[in-house]
Amino acid sequence: MTASAPISGAPLSDADHASLASAIRALSMDAVEQAKSGHPGMPMGMADAAVVLFSRFLRFDPSHPDWADRDRFILSAGHGSMLLYSLLHLTGYADMPIEELKKFRQLGSKTAGHPEYGAASGIETTTGPLGQGFGNAVGMAVAERHLNARFGDDLVDHRVWVIAGDGCLMEGISHEAASLAGHLGLGRMNVLWDDNRISIDGPTDLTLSDDVQARFASYGWHVVSCDGHDTEALAAAMAVAAADPRPSLIACRTTIGYGAPTKSGKASSHGAPLGAEEIAGTRAALNWPHAPFEIPDSVAEIGRAVGDRGATAYDIWTDRLAKSGKKDDFERALSGALPADLAEAITAHKKSLSEELPKLATRVSSQKAIEVIAPALPELLGGSADLSGSNNTKVGSMSILSKDDYSGRYLHYGVREHAMAAAMNGMALHGGVIPYGGTFLVFTDYCRPSIRLAALMGIRAIFVMTHDSIGLGEDGPTHQPVEHLAALRAIPNLAVFRPADAVETTEAWQLALQRVSGPSVLALTRQNVPTVRTVHEDSNLSARGGYVLAEAEGPRQATLIATGSEIEIALEAKAALDADGVPTAVVSMPSLELFAAQDPSYRKDVLGGGVRVVIEAGMRQCWDRLIGDQGVFIGMSGFGESGPYQDLYKHFRITAGDVAGAVKARL
């Protein structure tokens, strides 16, 4: 029996199924009522499908919630979070006692309004922004097939099950992600579509007339439909889906708010408490006479028995792992730990750069760093949104990941930035893969929801964003990011790196790989920049966020703080100011976030006294805390223009002469 086969055990009797489904409906409406907010309709409508999935198909073991070869269950329709919390409680997850359900949506509880990764076992990802969970699931399915190709069926052989709503399938991200999943033939991904035909505003026919099933079929998916309240029809549809080599959409025709006497099938059951009278009527309709949050022992036993069904499969898998010759590599990969020899390879690469002093675009320097990292880090899985040659994300040691060869380590995402970023998050959540993906920095606008969620979840995903300023030149203001660095730096727990040269770019890669508690953005140039780190340091100077790159020749009168390509301008301005008797230091600031985390004495020593000037070809926001009242900002105050980048820097007065003039004027 392979790990992807349905779990063993006889199906629940009709009575036991009804009891468990009714328990989910009751817990959901009671928790929402007690919280005075929430979404009872979706859990009530999908309770039957969820019970069939958990009792007959989903491979999981609540006693070992982090089992590497478990099936992943993604509630993409995250507003229906009480469906998930109820299932976790009923099937025996130790950290989801009934007390947590009573604290639904309360400060400090594990039962947030929308599922939050890390809050409790069994919550595989943070969902709520519709379609994001769908995109995550594609990444998880990619990771499963990729790791299966590396480690074999004995260690990696599971499925990704998703519950998605009408809203998830309306959102554009699901269109991109579904198209990609079909192209890659991700047959381990099965989506249960809650086809209740209700949205917040009312019936979905207010806004929707496309044929969803035909659309998915056109993507190359297997599609099947069933009555979402008929247990045998549900089981048959899931069995057919699991057997098909294509990704599957199971259209479950359901009634939102199932059982509610006056609100079932209506938008009024979607996003508000049902009310005491409606809940009383629902209890009568479901033959559920029990008090709020009361689960009879007989029903609790049914739920725990469902949870226990995966224990044998877990034990068999554990035995296989113990006997496998790939055990050590597998466990290291899943742990997320970096190979011991990676740091040595990076240090040697830095040393060669400081000796050879190349003049390269930092996007090219990034590619050279990946060439060093990829052979030493088998977990690294890269890609680009149809900009591989521009982002410089593809290296020779990485073959293409495709439906014919999942062992490849480079994924062509196509022009699908939304799906790429969400899939990267799914890979990081799955484990065993360290994802990076590239596009232009201006298109972080398309990736931003997923970047924000990666930061919220605290997961390692590396976003390689090139063409980082007006320095990209002739493509003009539509492609020149001016506000994007400030906007990204505003996201909590996101590390934004804008390295100055090949050495700092390599250090940024090292820091992004080491940063297991959050995502990183590497903002990289199109234009060539000189190597400014001409003396090798084994230590990673960028790890402190900012450091003195060139000290003043005498007591400081000015400090020039710059990032990325503007470091070259700062050094040229320093030379001019030093020559005019104004001792000036240059501070390289590759990461404001890391610098802000340093102790105050270090920050004070680096910033020094005198006039402070920040030079960055972006907006001023986020720099004021360093500039102070007496400081100067040299950068952008509006959108860019189309033209050669040298002319643009002169036009927008971001030159060494402008910097030196500003210092002298302030002095």
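It should be noted that the structure appears before, not after, this text.
Residues numbered from 1 in each chain as written. Predicted model: local features only at pLDDT ≥ 70, side-chain atom pairs only at ≥ 80, totals over all residues. Heavy atoms only, no water.

1. Regarding the environment of Val 503
At step 1: Structurally, Val 503 can be placed in helix α20 (residues 502-514).
At step 2: By relative accessible area, which is 1% here, Val 503 ends up buried.
At step 3: Sequence spacing of Val 503 and Ser 365 is 138 residues, and the spatial spacing of their C-alpha atoms is 8.1 Å.
At step 4: For Val 503, the residues in contact, after removing those within four places along its chain, are Lys 350, Leu 353, Ser 354, Thr 531 and Arg 533. (Helix = DSSP H or I, 4+ residues; strand = E, 2+ residues; numbered from the N terminus. Buried < 20%, exposed > 50% of the residue type's maximum accessible area, 1.4 Å probe, protein only. Contact = heavy atoms within 4.5 Å.)

2. Here we look at the sheet that holds strand β14 (residues 520-524)
At step 1: The six strands are arranged β10-β9-β11-β12-β14-β13 in an open sheet whose pairing can be described as parallel. Looking at which strands have only one partner, the edges of the open sheet turn out to be β10 (410-412) and β13 (495-497). When the angles between neighbouring strand axes are averaged without regard to direction, this sheet yields 20°.
At step 2: Direction of pairing for β13 relative to β14: parallel, over a ladder of three bridges. Counted as the bridge partner of Val 496 is Val 521 from β14. (Pairing = 2+ DSSP bridges. Axes fitted to C-alpha atoms, helices over the stretch in contact; angles between N-to-C directions.)

3. Some thoughts on the environment of Gly 431
At step 1: With respect to the helices and strands, the residue Gly 431 is situated in the loop between α17 (417-430) and β11 (434-440).
At step 2: Residue Gly 431 is classed as buried on the basis of its relative accessible area, which comes to 13%.
At step 3: Measuring from C-alpha to C-alpha, the distance between Gly 431 and Gly 336 comes to 7.0 Å, with 95 residues separating the pair along the chain.
At step 4: Sequence-distant contacts of Gly 431, defined by excluding residues within four places in its chain, comprise Leu 147 and Leu 334.

4. Digging into helix α18 (residues 444-457)
At step 1: Between its terminal C-alpha atoms α18 stretches 18 Å, which fits the 20 Å expected from 14 residues at 1.5 Å a residue.
At step 2: Of the residues one or two after α18, Gly 458 is the one with positive phi, at around 70°. (Expected span 1.5 Å × (residues − 1).)

5. Brief notes about the pairing of strand β9 (residues 380-384)
At step 1: Of all five residues in β9, five are buried, a share of seventy percent or more.
At step 2: The alternating pattern of β9 places Leu 380, Gly 382 and Ser 384 on one face and Leu 381 and Gly 383 on the opposite face, and all of these are buried.
At step 3: Across three bridges, the pairing between β9 and β11 is parallel. Bridging from a neighbouring strand, Ser 384 pairs with Gly 438 of β11.
At step 4: The sheet contact formed by β9 and β10 spans three bridges and is parallel.

6. Some details on the nonpolar core
At step 1: Counting residues in hydrophobic clusters, the biggest one holds 138 residues, and the most contacted among them are Phe 134, Met 189, Trp 221 and Ile 250.
At step 2: The element contributing the most residues to this core is helix α2 (residues 41-57), with 11 residues.
At step 3: Not counting residues within four places of it along the chain, the set of residues in contact with Met 189 comprises Phe 134, Ala 137, Val 138, Ala 141, Val 160, Val 162, Ala 181, Trp 221, Pro 247 and Ser 248.
At step 4: Counting residues in each nonpolar core, the second largest holds 46 residues, with Ile 561, Tyr 602, Val 611 and Val 613 among its members. (Core = buried A, V, L, I, M, F, W, Y, C linked by side-chain atoms within 4.5 Å.)

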